[in-house]
Amino acid sequence: MSRTLTGIQPSGTLHIGNYFGAMRPAIDAQAKAECYFFIADYHSMTSLWDSTQRRRNTLDVALDWLACGLDPARSVFWKQSDVPEVAELMWIIGTLTPMGLLERAHSYKDKTAKGISANFGLFAYPVLMAADILLYDTHRVPVGKDQKQHVEMTRDIAIKFNQTYSETFVVPESVIREDVAVVPGLDGQKMSKSYGNTIDIFGDEKATKKKIMGIVMDSRTPQEPKPDADKNVAIQLLKLVAPEEVSTDYERRLREGGLGYGDLKKALFEHYWTYFAPYRAKRAELAANLDHVNALLRDGAAKARATANGVLGRARAACGL
Ligand code: ADP
Ligand code: TRP
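Only a predicted model underlies this, so the values are computations on that prediction, with no experimental measurement involved.

**Topic: the site of ligand 1**
Inference 1: Not every one of the 15 residues close to ligand 1 is listed here, only the nearest: His 15, Asp 146, Val 183, Ser 192 and Lys 193.
Inference 2: Take Asp 146: an N or O atom from its side chain is 2.6 Å from an oxygen atom of ligand 1.
Inference 3: Within the complex, the protein chains bury 83% of what would otherwise be the 540 Å² of accessible surface of ligand 1.
Inference 4: Class assignment for the residues of the shell around ligand 1 results in six nonpolar, six polar and three charged.

Below, the structure is given as structure tokens:
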């Protein structure tokens, strides 16, 4: 059976771009593959230096994923740092990773271009990500477009190790859902917490409504036909949260004229609220029983560790340790 793995950074409140771009495809994959999901707390150390915040984010991300349908009975779910073997594998494969490969990484280039001063962790981040993937004999890695390069680097590293020593690692593939590859934010740019244009999955009702009603539109009157209706941000978001016949109907009414932007935004809020209602209820239930959530993560770590030790043993033997 093919194994799917993905990591989630505990770096802040999750938004519907994260949900449709990363969580939904990963959660759907549980039906057809053995899934490994982990909270990448080591990775969060390249951009967050507040220990209380890290602990809180880690728990929040665990609650978010479990509420949205991660099934711990079927999938392995753990916190990255509970399997510290990944740091040893990072060293092993780091010695086969060319500097040039890391210097070409978009994530590093983008951050240093923005003036963020680089540390070794930020530079080595793709090697840690490769270790995350290779440590569990992963076949498929569901990620957003921005992470594709990291999976390609992982393939290069795996192939190089297999050629240098002996056949040891599975060479993984990235899985990118093209139809939701980029979820737009409130301002039409890519939705991202760094652009302040997000709709949170578990946002407060009043605040989220205010955000959605505040989406800036053009000044055309409701009656005017809008041939560019498919480019409208509210329509694009409605397509994600409403049944297809509903969003198609709103798009048609906007194109033909007669639908006001206010009514469109109200519909978007209502469908968003309904779409996430069952997850909201599940999350409240989990949050009331944190001992249970922590026990789930501990069990997950034990399972992940058993797989990790097998693969690490193979890698150590292959390179003569
Ligand atoms: P952010 O841009 O808010 O910092 P992250 O970089 O932490 O989000 O992304 C976490 C996951 O969610 C990644 O797999 C990423 O590709 C995906 N993702 C983030 N924003 C979007 C978006 N707007 N559309 C689709 N996928 C997204
Ligand atoms: N780098 C990923 C992100 O920022 C998170 C991540 C860490 C990951 N390790 C991974 C994703 C391994 C997939 C596989 O979103």
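**Looking at the packing of aromatic side chains**
Inference 1: Counted under the stated rule, the structure contains 21 aromatic pairs.
Inference 2: Aromatic side chains Tyr 19 and Phe 20 sit 4.8 Å apart centroid to centroid with 90° between the ring planes, which places their arrangement in the edge-to-face category.
Inference 3: Its relative accessible area of 0% is what places Tyr 19 among the buried residues.
Inference 4: Relative to Tyr 275, the ring of Tyr 19 lies with its centre 5.9 Å away and its plane at 85°, an arrangement referred to as edge-to-face. In this pair, Tyr 19 is assigned in helix 1 (residues 16-29) and Tyr 275 in helix 12 (residues 261-287), connecting sequence segments 256 residues apart.
Inference 5: Of the residues examined, Tyr 275 reaches a relative accessible area of 23% and is grouped as partly exposed.
Inference 6: An aromatic cluster is defined as three or more aromatic residues linked by ring pairs; in this entry it consists of Tyr 19, Phe 20, Phe 269, Tyr 272, Trp 273, Tyr 275, Phe 276 and Tyr 279.
Inference 7: Above the face of the Tyr 250 ring, Arg 253 is positioned so that its terminal group lies 5.0 Å from the ring centre.
Inference 8: In this arrangement the basic side chain of Arg 283 is found over the ring face of Phe 202, its NZ or CZ atom lying 5.4 Å from the centre.

**Considerations on the site of ligand 2**
Inference 1: Taken together, 13 residues lie near ligand 2, and Gln 9, Tyr 125, Met 129, Asp 132 and Gln 147 sit nearest.
Inference 2: At 3.4 Å, a side-chain N or O of His 43 approaches a nitrogen atom of ligand 2.
Inference 3: Between ligand 2 and Gln 147 there is a distance of 3.0 Å, counted from a nitrogen atom to a side-chain nitrogen or oxygen.
Inference 4: Expressed as a share of its isolated accessible area of 360 Å², the protein-covered part of ligand 2 is 89%.
Inference 5: The set of elements that each furnish at least two residues to the shell around ligand 2 consists of strand 1 (3-8) and helix 7 (120-134).
Inference 6: At four residues, helix 7 tops the list of elements feeding residues into the shell around ligand 2.

**Topic: the pairing of strand 2 (residues 34-39)**
Inference 1: Burial within strand 2 is extensive, with five of its six residues counted as buried.
Inference 2: Relative to strand 2, strand 1 runs parallel, the two sharing six bridges. By the bridge assignment for strand 2, Leu 5 is matched with Tyr 36.
Inference 3: As paired strands, strand 2 and strand 3 (residues 76-79) are joined by four bridges and run parallel to one another. When the sheet's bridge partners are listed, Ile 39 is paired in strand 3 with Lys 79.

**Some points on the side chain of Lys 226**
Inference 1: Positionally, Lys 226 belongs in the loop between helix 9 (205-213) and helix 10 (233-241).
Inference 2: Buried charged residue Lys 226 carries no salt bridge. Nearest counter-charge: Glu 224, at 6.1 Å.
Inference 3: Among the polar contacts made by the side chain of Lys 226, one reaches the main-chain carbonyl oxygen of Thr 221 at a distance of 2.9 Å.
Inference 4: Within polar-contact distance, the side chain of Lys 226 engages the backbone oxygen of Pro 222 at 3.5 Å.
Inference 5: The residues touching Lys 226, leaving out its near neighbours within four places in the chain, are Arg 220, Thr 221, Leu 254, Arg 255, Leu 259 and Tyr 261.

**Considering the pattern of salt bridges**
Inference 1: Inspection of the entire model under this criterion finds 17 salt bridges.
Inference 2: Measuring nitrogen to oxygen at the nearest pair gives 3.9 Å for the salt bridge that ties Asp 71 to Arg 74.
Inference 3: Judged by its relative accessible area of 29%, Asp 71 is partly exposed.
Inference 4: For Arg 74, a relative accessible area of 51% translates into the label exposed.
Inference 5: Among the salt bridges present, the one from Asp 137 reaches Arg 314, with a minimum N-O distance of 2.7 Å. Of this pair, Asp 137 sits in the loop between helix 7 and strand 4 (140-142) while Arg 314 sits in helix 13 (residues 290-319), placing them 177 residues apart in sequence.
Inference 6: In this structure Arg 314 comes out as partly exposed when scored by relative accessible area, which is 36%.
Inference 7: Salt bridges sharing common partners tie together Asp 249, Arg 252, Arg 253 and Glu 256.

**Concerning the domain arrangement of the protein chain**
Inference 1: Here the protein chain is partitioned into domain 1 (3-182 + 289-319) and domain 2 (203-275).
Inference 2: Placing a centre on the C-alpha atoms of domain 1 and another on those of domain 2 gives a separation of 35 Å.
Inference 3: The interface of domain 1 with domain 2 comprises five residues on the first partner and five residues on the second.
Inference 4: The junction of domain 1 with domain 2 conceals about 380 Å² of combined surface from both sides, 85% of it contributed by carbon and sulfur atoms.
Inference 5: Counting every contact that joins domain 1 to domain 2 gives zero salt bridges.
Inference 6: In this assembly, domain 1 and domain 2 are joined by one residue pair in polar contact (both at pLDDT 80 or more).

Criteria and thresholds
- Residues numbered from 1 in each chain as written.
- Chains lettered and ligands numbered in written order.
- Predicted model: local features only at pLDDT ≥ 70, side-chain atom pairs only at ≥ 80, totals over all residues.
- Heavy atoms only, no water.
- Near = heavy atom within 4 Å.
- Polar contact = N/O pair within 3.5 Å; in protein donor to acceptor, adjacent residues only side chain to side chain.
- Areas by Shrake-Rupley, 256 points an atom, 1.4 Å probe, with all protein chains shown as cover.
- Nonpolar A, V, L, I, M, F, W, Y, C, P; charged D, E, K, R; others polar.
- Phe/Tyr/Trp six-rings, centres within 6.5 Å; stacked < 30°, edge-to-face > 60°.
- Buried < 20%, exposed > 50% of the residue type's maximum accessible area, 1.4 Å probe, protein only.
- Helix = DSSP H or I, 4+ residues; strand = E, 2+ residues; numbered from the N terminus.
- Lys NZ or Arg CZ within 6 Å of the ring centre and 35° of its normal.
- Pairing = 2+ DSSP bridges.
- Lys, Arg positive; Asp, Glu negative; His and termini not counted.
- Salt bridge = Lys/Arg side-chain N within 4 Å of Asp/Glu carboxyl O.
- Contact = heavy atoms within 4.5 Å.
- Domains from an automatic or database assignment.
- Buried area = accessible area lost by both parts, 1.4 Å probe.

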